[in-house]
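# Structural overview for review
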Amino acid sequence: MTLAMKTANNVVQNGSLALKASAAQAQRPRTPSPPPRRPPSPGLVRPSQQSLPSKRGLLPPALDATTHHHRCLAQLRSKDKPLEKYIYLTSLKHNDPDMFFKLCMNYMSECTPIIYTPTVGDACLQFSNIYRRPDGLFVSIKDKGSIGEVLRNWPRMDDARISVVTDGSRILGLGDLGVNGMPISVGKLSLYVAGAGIRPQSTVPICLDLGTNNQQNLDDPFYLGLRQPRVSEQEMDEFMDEFMHEMKVNFPKLLVQFEDFSTDHAFGYLARYRHKYPVFNDDIQGTGAVVLSGFINAARLSSAASGRPLTDHRVLFFGAGSAGVGVAQQLMSFFTLNGLSEQEARERIYLVDSQGLVYDGRGKLQEHKKYFSRKDYSGPPMKSLLDIIDHVKPTALLGLSTITDAFTPEVIRRMSELNARPIIFPLSNPVRLSECSFESAVAHSDGRVLFASGSPFEPIEFNGRTLYPGQGNNMYIFPGLGLGCILARVSSVTDAMVEASSLGLANSLTEDERAHDLLYPRIERIRDISAANAAAVIRAAQKAGVDQNEGLRGLSDDELLEYVKQKMWSPL
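Heads up: these notes are all about the structure in this document. Bear in mind that the values here come from a model prediction, so they are computed numbers and not experimental data.

## Overview of the overall build of the chain
When you go through the chain residue by residue, the secondary structure sums to 25 helices and 14 strands. Here the C-alpha radius of gyration of the chain, 24 Å, is about what a compact globule of 572 residues would show, namely 25 Å. On the principal axes, the C-alpha backbone points of the chain span a range of 80 × 60 × 55 Å. Scored against the burial criterion, the 572 residues of the chain give a buried share of 57%. Restricting the contact set of the chain to residue pairs at least 6 apart, pairs at least 24 apart contribute 72%. The centroid of the 62 positive side-chain charges in the chain is displaced by 5 Å from the centroid of its 61 negative side-chain charges.

Laid out in structure tokens, this is it:
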């Protein structure tokens with residue numbers, strides 16, 4: 001087969017050359033175009049899109065960028081299973097990244113649940129079976145002592161600006177998946193690109209292979225990771241110290257996001273490295289920030305309905321892992337911003353773990369739970385959620401337990417008896433692990449619930465009204481946070497920077513969104529939200545003195561926002 005024939009054959013298969021050739025002749029927009037809702041008429045297609053003389057004869061005569069866009073969308077929608085849609089989009093990303101990101105941006109609410117939660121959970125479970133080609137870096141315990149050599153194999157070292165790193169030990173609510181956790185890093189970085197305009201070539205997905213304690217992985221003949229148990233704590237610490245050092249040496253401009261580490265390691269490595277490198281943990285800080293934002297808006301609506309002051313809210317967390325405690329730490333800001341002391345804020349927060357209410361008299365506790373352990377209760381262990389609700393009388397019930405339907409109809413009804421508008425956030429992912437459904441929350445609260453979940457639910461018609469579920473999607477936070485960190489060239493990521501992104505999100509609702517009692521803005525506005533959040537993060541970094549791009553300090557707020565928008569990448 002001749003080179004020309006091979007080229008033509010490849011183009012017929014994926015159309016990538018057609019897109020690139022036509023798109024190269026189009027002017028790059030400075031801001032993303034609004035999502036097309038229907039195919040434009042043939043008369044609106046630019047001449048440059050209708051003909052490709054440099055590839056004449058090698059492409060179908062009617063193949064142009066506009067047709068190709070709608071053709072790819074039709075192919076995506078023709079798949080009847082979410083995992084098949086995931087596989088299709090993965091293939092499209094490899095063959096035609098501009099088209100992949102164009103679809104993600106133009107059809108954000110449709111594509112996000114495919115490339116990330118909830119479908120990414122299934123993709124992780126099936127990763128060793130659906131694996132096609134490399135899409136990131138695997139760094140294993142066998143590389144200890146030569147991690148730098150592995151990192152230097154990355155083909156775009158000079159472009160690297162952001163990396164999502166997981167060790168696969170606690171993927172969503174699915175547990176230890178080992179190297180099957182790689183889709184988490186890949187998917188998260190795709191959202192950085194689509195949601196905040198971070199350049200695709202600047203992203204570095206990394207999965208650390210430190211073994212797996214999942215026997216199903218070890219027995220799977222197709223499993224792509226090391227067939228050994230996870231290494232000891234000491235060996236992992238030594239590995240992580242070398243890894244982070246080599247990341248700094250080889251990628252000096254890189255921001256590192258930790259993702260889906262087990263609870264103790266998530267807190268431990270964040271504390272170990274956050275003041276030494278530009279690093280943050282999205283499970284702890286990102287989840288906390290996005291829930292804080294939704295809680296601020298829910299608390300306002302709840303207090304308006306009850307007439308009680310904002311400082312009267314009491315929050316009960318069902319689940320006390322890294323995400324639960326991380327959110328609890330972030331929600332402290334809600335109370336301190338409303339005038340309470342740190343001690344008073346802490347007293348408004350209660351934790352429930354697998355042993356029931358967390359309190360000092362119960363016995364030995366994991367380190368990360370001690371701060372919120374109750375000192376005002378010394379009775380017998382309290383394990384029933386209904387009993388705990390009667391004891392605490394919370395205004396808000398937040399679930400981060402990965403226990404399906406833990407918020408029973410009785411629990412929802414009791415919350416509704418205690419509150420004019422109960423705040424119920426079942427935040428566990430994926431959908432099948434959610435503590436309750438939106439339908440159940442609406443039905444058993446008589447439509448009064450203020451609801452936000454970790455995974456998407458559909459709106460519901462109830463008593464002649466359309467009720468909209470909130471989704472506490474970290475995508476509202478981490479893209480803008482990451483973009484701001486990159487542009488400011490931060491030396492570390494401070495709590496104030498995370499809080500700035502959260503407050504920016506809470507105050508980003510439009511009048512129409514507030515009229516519908518939405519707790520979060522519509523996801524289609526994510527780029528505008530990310531730009532504003534990035535600017536707020538830069539200002540917080542400047543106040544903390546951790547910004548190294550000092551040229552941004554002299555810009556006015558309007559000039560800074562415009563600078564951020566100009567730096568956001570868009571596909572051709």
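## Quick look at the sheet that holds strand E3 (residues 203-209)
Sheet architecture is open: five strands sit in the order E1-E3-E2-E4-E5, paired in parallel fashion. Looking at the sheet topology across the chains shown, the edges are occupied by strand E1 (137-140) and strand E5 (279-281). Each adjacent strand pair in this sheet contributes to an overall mean axis angle of 25°, direction not counted. In the sheet, strand E4 (residues 255-258) pairs with E5 via three bridges, with the strands oriented parallel. The residue bridging Gln 257 from the neighbouring strand is Phe 280, located in E5. Of the strands in this sheet, E1, strand E2 (162-166), E3, E4 and E5 touch helix H11 (residues 182-196), which is tilted by about 165° from E3. Across the sheet, helix H14 (residues 263-273) lies against E4 and E5, angled at about 160° from E5, the strand it touches most.

## Re helix H4 (residues 65-78)
Helix length check: H4, at 14 residues, gives a terminal C-alpha distance of 20 Å against a target of 20 Å (1.5 Å per residue), a fit within 8%. Of the residues making up H4, those classed as buried are Ala 65, Thr 66, His 68, His 69, His 70, Cys 72, Leu 73 and Leu 76. N-capping of H4 is provided by Asp 64, with a side-chain oxygen placed 3.0 Å from the backbone N of Thr 66.

## Concerning the nonpolar core
Counting residues in each nonpolar core, the largest one holds 142 residues, and the members touching the most others are Met 240, Phe 243, Phe 258, Phe 317, Leu 331, Leu 398 and Phe 425. When sequence neighbours within four positions are dropped, the list of residues in contact with Met 240 reads Leu 208, Phe 258, Phe 261, Tyr 269 and Tyr 273. Core analysis: the next-biggest nonpolar cluster, separate from the first, contains 29 residues, Phe 318, Ala 406, Ile 424 and Cys 436 among them.

The rules behind these values
Residues numbered from 1 in each chain as written. Predicted model: local features only at pLDDT ≥ 70, side-chain atom pairs only at ≥ 80, totals over all residues. Heavy atoms only, no water. Helix = DSSP H or I, 4+ residues; strand = E, 2+ residues; numbered from the N terminus. Rg over C-alpha atoms; globule rule 2.2 N^0.38 Å. Buried < 20%, exposed > 50% of the residue type's maximum accessible area, 1.4 Å probe, protein only. Contact = heavy atoms within 4.5 Å. Lys, Arg positive; Asp, Glu negative; His and termini not counted. Charge placed at Lys NZ, Arg CZ, Asp CG, Glu CD. Pairing = 2+ DSSP bridges. Axes fitted to C-alpha atoms, helices over the stretch in contact; angles between N-to-C directions. Expected span 1.5 Å × (residues − 1). Polar contact = N/O pair within 3.5 Å; in protein donor to acceptor, adjacent residues only side chain to side chain. Core = buried A, V, L, I, M, F, W, Y, C linked by side-chain atoms within 4.5 Å.

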